[in-house]
Amino acid sequence: MGAVVELGFASRFPDVLAGGLEVSAEALAGPGGTARALQALADFDAYSAALRAVLVDRLAAEIAEEPLEGRHGQPTRLSGNIAHAVAVSELAALQGTSEHTAARALNFSTALVNTHPAVHEALASGDITEAHARALVDQAATLPQHAAEPYALEALARVRTRQGRLRTPGEFRALARDLRERLHPGSMAHRRAAAREDRRVWLQPEGDGMCTLSALLPAETATGMYERTDALARAARRADGEARTLAQLRADALAHAVLGARERTAAAPSAAVPFPEELLAEVKAEIVVHIPLAVALGASDAPAILDGHGAIDPATARALAAAAPTWQRLFTDAEGTPLALGRTAYRPPAGLRRFLQYRDGACRVPGCTRPAQNTEADHTTEWQDGGTTDAANLALLCPQHHALKSLALHHLTHDRTTEDTDGTDGTGTPAPALIWTTLLGQALPAEPLDRDHVLAPRATDHPPRGPSGKPATRGEPPGTPAHGADVAVREESPPPF
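Every residue gets a number counted from 1 within its own chain, in the order that chain's sequence is written. Only residues with pLDDT of at least 70 are given local features in this predicted model, and only at 80 or more are side-chain atom pairs given and counted; all residues enter the totals for whole chains, interfaces and linings. Think of the side-chain values as coming from all heavy atoms in the structure, minus any hydrogens and water.

Caption draft 1: Here's a closer look at empty space enclosed by the protein. Definitions used for this entry: grid spacing 1 Å over protein atoms alone; cavity, a set of points where a 1.4 Å probe fits but cannot get out; pocket, an open set with protein on both sides within 12 Å along at least 5 of 7 lines; lining residue, one with an atom within 4 Å of a point. Grid points are joined across faces, edges and corners, and a volume is the space filled by probe spheres set on the points. The final tally for this structure, using the stated rule, is one cavity of 30 Å³ or more. In this structure, the largest cavity spans a volume of roughly 40 Å³. Forming the walls of the largest cavity are Ser89, Ala92, Ala93, Glu99, Val365, Pro366, Trp436, Thr438 and Leu444. Residue polarity follows a fixed list, in which Ala, Val, Leu, Ile, Met, Phe, Trp, Tyr, Cys and Pro are nonpolar, Asp, Glu, Lys and Arg are charged, and the others, Gly among them, are polar. By residue class, the composition of the lining of the largest cavity is six nonpolar, two polar and one charged. When we break the lining of the largest cavity down by domain, the ones giving at least three residues each are domain 1 (38-185) and domain 3 (340-417 + 432-454). Throughout the structure description, domain borders are defined by an automatic or database domain assignment.

Listed below in structure tokens is the structure:
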């Protein structure tokens, strides 16, 4: 066994979190010491989660006490729940998380501390873990207020088996869900009708050029879709020479059903399931791919970027480019797109809006990942304060952050302390350096979407130098831009394939 390592913790903020925490080297050296240390750490994790819930709830209460009327003359924003939106934004900035994660933490903390004190006490004492508490609070949140606390107490009493074993969070989540169905005072029919209103489809980017496509649907609809997809996959699997697994065929059959399948007739009850690559030509929606020119020409195998997802392999990028009816260049002022309208117009025209989408890539607020197509063009210096409709004074903000800025609760300002810019990301025009300042005074740089990790040369590469003394570029014809330069093909010109 390796040597015992002395571990200790002291807060960076001793005026707030006093004292220290140490792992006893003597305890670790004894039989079972490591196991006991893990048990002790689990207790500390539970206590830490309980304390964090108290502090998050307190932060929200303090923000709610602040004057939040904001700028006068603004229409109703954020459904009137301004304090909650500000608290979520502050929490996300404080903890370096997304606002979705911050909102979940705030809702959980508020419910745990104020609605479920018994669950909070069990967490603080280490009787349950944070995962158990979250499972319980999530299920209780879908109950009427008068039924939530009795349900939580009943579920808490069942967190251990009859033999006293603490159920795993997965086991307890299933138990809590079933118990909720049993104890819910509302009729199943009414609840189902309300739940149907939440049906939706969402996309989750994954690694290696893949995505998870999820859908929340009525049970019979989703089951029917799965059974149909499974039947198509099993029928295709019987074909001679078919080497795909059943799971792969199900995925390909689903893609074919959405992108390429036409209504089948009785005379043609079945059809072969194509491979995903054969469906690229069926994609008719507008998509944006940032392709280094060398990749488009086949002279480089560097990745490209699919907007809304991230890095994709060069072969897929070239296939998408070949299927596109036209190409559009990333606009610069030299290409005829007006980037400065001054005070002649308030709303940016389509060309300027497209330029902002390519330049910013997402909401400019730090940590916000809302894609550019779901944002609004905001005047950094407000129009009513003399701001101009120029690329240098426009930035993309999601509707929520746009509302917080318009209400003058959070602020987006030009960074006058430096002449550096955030970079062009291939657009040819620098993005303005901006600062996002929250209600509590957190000042954070508001940068455009960083694509350098995909499109720019590797920072650790040290390529051999050519005769001119400049780094030699492998696999690129003379005169082609570096990997970070996006394709610049004239608008409405056909792809060169």
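Caption draft 2: Spotlight on the packing of aromatic side chains. Any two rings among Phe, Tyr and Trp, with Trp reduced to its six-membered ring, count as a pair given centres within 6.5 Å; such a pair is stacked if its planes are under 30 degrees apart, edge-to-face if over 60, and tilted if neither. Summed over all chains, the structure comprises one aromatic pair. With a centroid separation of 5.4 Å and 80 degrees between ring planes, the pair formed by Tyr346 and Trp383 is classed as edge-to-face. You can see Tyr346 sitting in the loop between helix 13 (314-323) and helix 14 (350-360) and its partner Trp383 sitting in the loop between strand 8 (376-379) and strand 9 (394-397), a full 37 residues away along the chain. Only protein chains enter the accessibility calculation, which uses a 1.4 Å probe; a residue is then buried when its area is under 20% of its type maximum, exposed when over 50%, and partly exposed in between. You can call Tyr346 partly exposed: its relative accessible area is 41%. The rule is short: NZ of Lys or CZ of Arg within 6 Å of the ring centre and within 35 degrees of the ring normal puts a charge over the ring. Seen from the ring of Phe108, Arg134 lies directly overhead, with NZ or CZ sitting 4.2 Å from the centre. Segments assigned H or I by DSSP are reported as helices when at least four residues long, segments assigned E as strands when at least two residues long, and all are numbered from the N terminus.

Caption draft 3: Focus on the pattern of salt bridges. A side-chain nitrogen of Lys or Arg and a carboxyl oxygen of Asp or Glu constitute a salt bridge if their distance falls within 4 Å. The final tally for this structure, using the stated rule, is 13 salt bridges. With its nearest N and O atoms 2.9 Å apart, the salt bridge here joins Arg244 to Glu242. Accessibility expressed as a relative area gives 22% for Glu242, which makes it partly exposed. One network of salt bridges, with partners in common, ties together Arg52, Glu130 and Arg134.

Caption draft 4: Examining the sheet that holds strand 12 (residues 443-446) more closely. Strands are treated as partners if at least two bridges between them are detected by DSSP. With antiparallel pairing, three strands are arranged side by side in an open sheet as 10-11-12. Looking along the sheet, the strands with just one partner apiece sit at the ends: strand 10 (411-414) and strand 12. Along the sheet, successive strands turn relative to each other by an average axial angle of 30 degrees, direction set aside. Judged from the four bridges that link them, strand 11 (residues 434-437) and strand 12 form a sheet pairing that is antiparallel. By the bridge assignment, Leu434 is partnered in strand 12 with Ala446. Lines fitted to the C-alpha atoms define the axes, with helices restricted to the stretch that makes contact. Angles between their N-to-C directions range from 0 to 180 degrees.

Caption draft 5: Structural context of the pairing of strand 4 (residues 211-216). Here six bridges tie strand 3 (residues 200-205) to strand 4, and the two strands are oriented antiparallel to one another. Along strand 4, the bridge assignment pairs Leu203 with Leu213. In this structure, the hairpin formed by strand 3 and strand 4 is closed by a connection of five residues, where Asp208 is found at a positive phi of approximately 60 degrees.

Caption draft 6: Broad picture of the side chain of Glu90. Inspection of the secondary structure puts Glu90 in helix 3 (residues 82-95). The buried charged residue Glu90 lacks any salt bridge partner; its closest oppositely charged side chain belongs to Arg58, at an N-O distance of 15 Å. Think of a polar contact as two N or O atoms within 3.5 Å of one another; within protein, one of them needs to be a possible hydrogen donor and the other a possible acceptor, and neighboring residues in sequence only count if both atoms come from side chains. Among the polar contacts listed, one links the side chain of Glu90 to the backbone nitrogen of Leu440, at a separation of 2.7 Å. Only heavy atoms enter the contact rule, under which two residues are in contact if any of them lie within 4.5 Å. Those residues within four positions of Glu90 in sequence are excluded, and the remaining contacts are Ile63, His410, Thr438, Leu439, Leu440 and Gln442. The charged-residue count follows a simple rule in which Lys and Arg add positive charge and Asp and Glu add negative charge, with His and chain termini not counted at all.

Caption draft 7: Expanded view of helix 5 (residues 117-124). Restricting attention to buried positions, one finds in helix 5 the residues Val119, His120, Ala122 and Leu123. Looking straight down helix 5, one finds its buried side chains confined to an arc of 160 degrees; they lie on one side. Of the surrounding elements, those touching the buried residues of helix 5 are helix 2 (33-64), helix 4 (99-114), helix 6 (130-140) and helix 7 (145-156). Looking one or two residues past helix 5, Gly126 carries a phi angle of roughly 85 degrees, positive in sign. The directions from the helix axis to the C-beta atoms form the arc being described.

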